[in-house]
Amino acid sequence: VMHNKAPLWNENSQVYQLDFGGRVTQESAKNFQIEFRNKQVYKLYPSFTGVMQFGRIDSNAYTLDFQYPFSAIQAFAVALANVTQRLK
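- You'll find the protein entered in an unreviewed UniProt entry as Tubby C-terminal domain-containing protein, with Lottia gigantea given as the organism.
- Within the UniProt record for the protein, the comment given under Sequence similarities (unreviewed entry) is "Belongs to the TUB family."

Pasting the structure below:
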């Protein structure tokens, strides 16, 4: 099962945040992370949860990181759908 990772509340800055490991440098409503929860995979690799992240790195630039089970075209399609949905 895949789902959006829920942000955690930061008491110091009083905002919800996701940890992008330094890859995303600017706040945006378009930033997101997707987690993959598979019981069989989790038993073998307990730290394997994040499979995709998308976020703003400059005023008109974004970064897209992905891994299995996404292919490049699938990850791009998800990111594109997220961006165009937020333009409405």
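**Quick look at the pairing of strand 5 (residues 50-58)**
Then, number 1: When strand 4 (residues 32-36) meets strand 5, the two strands line up antiparallel, connected through 4 bridges. Across the sheet, Phe 32 pairs through a bridge with Phe 54, a residue of strand 5.
Then, number 2: Between the end of strand 5 and the start of strand 6 (residues 61-66), which pair antiparallel, lie 2 residues.

**Focus: the packing of aromatic side chains**
Then, number 1: All chains considered together, the criterion is met by 3 aromatic pairs.
Then, number 2: With centroids separated by 5.1 Å and ring planes inclined at 5 degrees, the aromatic side chains of Phe 54 and Tyr 62 adopt a geometry described as stacked.
Then, number 3: When its relative accessible area of 28% is taken as the criterion, Tyr 62 is described as partly exposed.

**Here's the deal with unusual backbone geometry**
Then, number 1: Between Tyr 68 and Pro 69 the backbone carries a cis peptide bond, its omega angle lying at 15 degrees.
Then, number 2: As for its position among the elements, Pro 69 is in the loop between strand 6 and helix 2 (72-86).
Then, number 3: In this structure, Gln 14 takes a positive phi of about 60 degrees despite not being glycine.
Then, number 4: With respect to the helices and strands, Gln 14 occurs in the loop between strand 2 (8-10) and strand 3 (15-17).

**Details of the side chain of Gln 33**
Then, number 1: Note on placement: Gln 33 falls in strand 4.
Then, number 2: Here the side chain of Gln 33 touches Gln 53 through a polar contact of 2.9 Å, side chain to side chain.
Then, number 3: Setting aside chain neighbours within four positions, we find Gln 33 in contact with His 3, Asn 4, Lys 5, Leu 18, Asp 19, Phe 20, Met 52 and Gln 53.

**A word on the environment of Ser 28**
Then, number 1: Looking at where Ser 28 falls in the secondary structure, it is placed in the loop between strand 3 and strand 4.
Then, number 2: Take Ser 28: its relative accessible area is 21%, and that puts it in the partly exposed class.
Then, number 3: Along the primary structure Ser 28 and Arg 56 are separated by 28 residues, whereas in three dimensions their C-alpha atoms are 6.4 Å apart.
Then, number 4: Residues within four places of Ser 28 in sequence aside, it is in contact with Arg 56 and Tyr 62.
Then, number 5: Polar side-chain contacts of Ser 28 include one of 3.0 Å to the backbone nitrogen of Lys 30.

**A few points about the sheet that holds strand 1 (residues 2-4)**
Then, number 1: Taken in spatial order, the 4 strands line up as 1-4-5-6 in an open sheet, and their pairing is antiparallel. The two strands at the open ends of the sheet, each matched to only one other strand, are strand 1 and strand 6. Neighbouring strand axes in the sheet, compared pairwise and without regard to direction, differ in orientation by 15 degrees on average.
Then, number 2: Bridging between strand 5 and strand 6 involves 6 bridges; their strand directions are antiparallel. Looking at strand 6, one finds that Met 52 is bridged to Phe 66.

Basis of the calculations
All residue numbers refer to position in the chain's written sequence, counted from 1. Note on the predicted model: pLDDT of at least 70 is required for a residue's local features to be given, and 80 or more for side-chain atom pairs to be given and counted; whole-chain, interface and lining totals, by contrast, use all residues. Only hydrogens and water are set aside when side-chain values are computed; all heavy atoms of the structure are taken into account. UniProt positions are given in the numbering used here, feature names are shortened, and annotations may be inferred rather than shown by experiment. By definition, two strands form a pair when at least two bridges between them are found by DSSP. Strands are runs of DSSP state E lasting at least 2 residues, helices are runs of H or I lasting at least 4, and numbering of each runs from the N terminus. Pairs were defined over the aromatic rings of Phe, Tyr and Trp, the Trp ring being its six-membered one, requiring ring centres within 6.5 Å. Orientation was assigned from the angle between planes: stacked under 30 degrees, edge-to-face over 60, tilted for the rest. Accessible area is worked out with a 1.4 Å probe on protein chains only. A residue is then buried under 20% of its type maximum, exposed over 50%, and partly exposed in between. Counting of polar contacts relies on pairs of N or O atoms within 3.5 Å, with two restrictions inside protein: one atom must be capable of donating a hydrogen and the other of accepting it, and residues adjacent in sequence are counted only when both atoms are side-chain atoms. When checking whether two residues touch, look at their non-hydrogen atoms; a contact exists if any pair is within 4.5 Å. Axis definition: a line fitted to C-alpha atoms, over the contacting stretch in the case of helices. Angles run 0 to 180 degrees between N-to-C directions.

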